[in-house]
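# Fold and contact review
Read off the chains here:
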Amino acid sequence: MRRKLNAPTSYDVARHAGVSQAVVSRAYQVDSPISAQSRAKVLVSAQVLGYQPNAVARSLITKRSGLAAVLLTEATQRDTPEVLINLSQTLLEQGFQPLLFSCAHESESSNALEKALAFGVDGIISCVSLSDEDLVRARLRQRPVVLFNRHSTDPLALSVACDHGSASRLLASRLFAAGHRRFAVVTGPSEAPVSNLRIQNFVQRLQELGIESVQNFEGDYHYESGHEAGIVLLGSSRNKQQQKRAEVIFCANDAMALGVLDAARFALMMRVPSDVSVLGFDDIPAGRRPAYLLSTVRQPTQEMAGEAARLFRASVDEQAITTRQFLLPGTLIERGSAQLFPMASPTQRI
């Protein structure tokens, strides 16, 4: 029977490197007072012996777990997976292991936060809305929170977000300048703050330009609700109600916009963009396919994730933070699904 070998310990590494066990421990601490030569000796010995430091034991010494909780909804994971990918990568680069806490709806965010705090994480990056009370609760436990694509009325809150409002207002202006006068919007769920920001700013800008009425359909961020919206907003039943058919349909996300496109082209046999212009938001990969060529707004998710991870690192390290809220511009992507007032470039930072 083969004898089971024990995993090498920090004491084995110390003997092999000819240093004390305390030096081995300090070698794995970023800001520890240790010479480069000593650290190199420890790391070489650790590699030779196959030693891996115990994260739990190290956390007892440093009082940090090295874990970063990421709160997000199932919709974020499904519809914009690049957000999760970029956040995970940038957190790893900052020395944190991401730990995911998912909730079905925004209304469950408080429970997700409590679960994250119970795991002893160093802090939280929240892709869901948190109340001011939630933020105070985390602060009392000395766990910083960075809001990702969310906002708060708390003046101490840290946040990184896309400028949804400016992007939506520019879309409205460009569409109006192209001659469109009959508009419709497809919203996300009523509790979705990002959808509300996009739609409210789009409609508000149209009202400023003199458009008195904008048709509205409440969707749920899914393709199917967009398809239904297209049938309802563009179908012949609109004429029976003496309501003229929309010339433009702006959707709170791309998945619903794809549903509207398919309803217009295949169920109602309409020409896009000659009969109707369709626009979304997010620039998901499916919208870039030749079958759709969706005009949309691309969020700077990689830039946002990098800024959020940097802000998270600084707050965990208790560094001085001069700017607490970051608002980053999106990029208007013009393809074939909408008639917009022409600009010099098919992509424009907004």
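Okay, so let's go over this structure. (Residues numbered from 1 in each chain as written. Predicted model: local features only at pLDDT ≥ 70, side-chain atom pairs only at ≥ 80, totals over all residues. Heavy atoms only, no water.)

## Focus on the sheet that holds strand E4 (residues 145–148)
The strand order across the open sheet formed by 6 strands is E2-E1-E3-E4-E5-E11, and the pairing between neighbours is parallel. Unpaired on one side and paired on the other, strand E2 (97–103) and strand E11 (325–328) mark the two borders of the sheet. The average angle at which neighbouring strand axes cross in this sheet is 15°, direction not considered. Relative to E2, strand E1 (residues 67–73) is paired through 7 bridges, and the arrangement is parallel. Looking across to E2, one finds that Leu67 is bridged to Gln97. (Pairing = 2+ DSSP bridges. Helix = DSSP H or I, 4+ residues; strand = E, 2+ residues; numbered from the N terminus. Axes fitted to C-alpha atoms, helices over the stretch in contact; angles between N-to-C directions.)

## Details of the pairing of strand E8 (residues 248–251)
Residues Val248 and Phe250 of E8 are buried on one face, and the alternating residues Ile249 and Cys251, pointing to the opposite face, are buried as well. Inspection of the sheet shows strand E6 (residues 183–187) paired to E8 by 4 bridges, in the parallel sense. Across the sheet, residue Val185 finds its bridge partner in E8, namely Phe250. The pairing of E8 with strand E9 (residues 277–279) spans 3 bridges and is classified as parallel. Looking at the pairing, Phe250 lines up with Leu279 of E9. Remark: the E8/helix H13 (residues 254–267)/E9 crossover connection has right-handed handedness. (Buried < 20%, exposed > 50% of the residue type's maximum accessible area, 1.4 Å probe, protein only. Right-handed = clockwise from strand over helix to strand, strands pointing away.)

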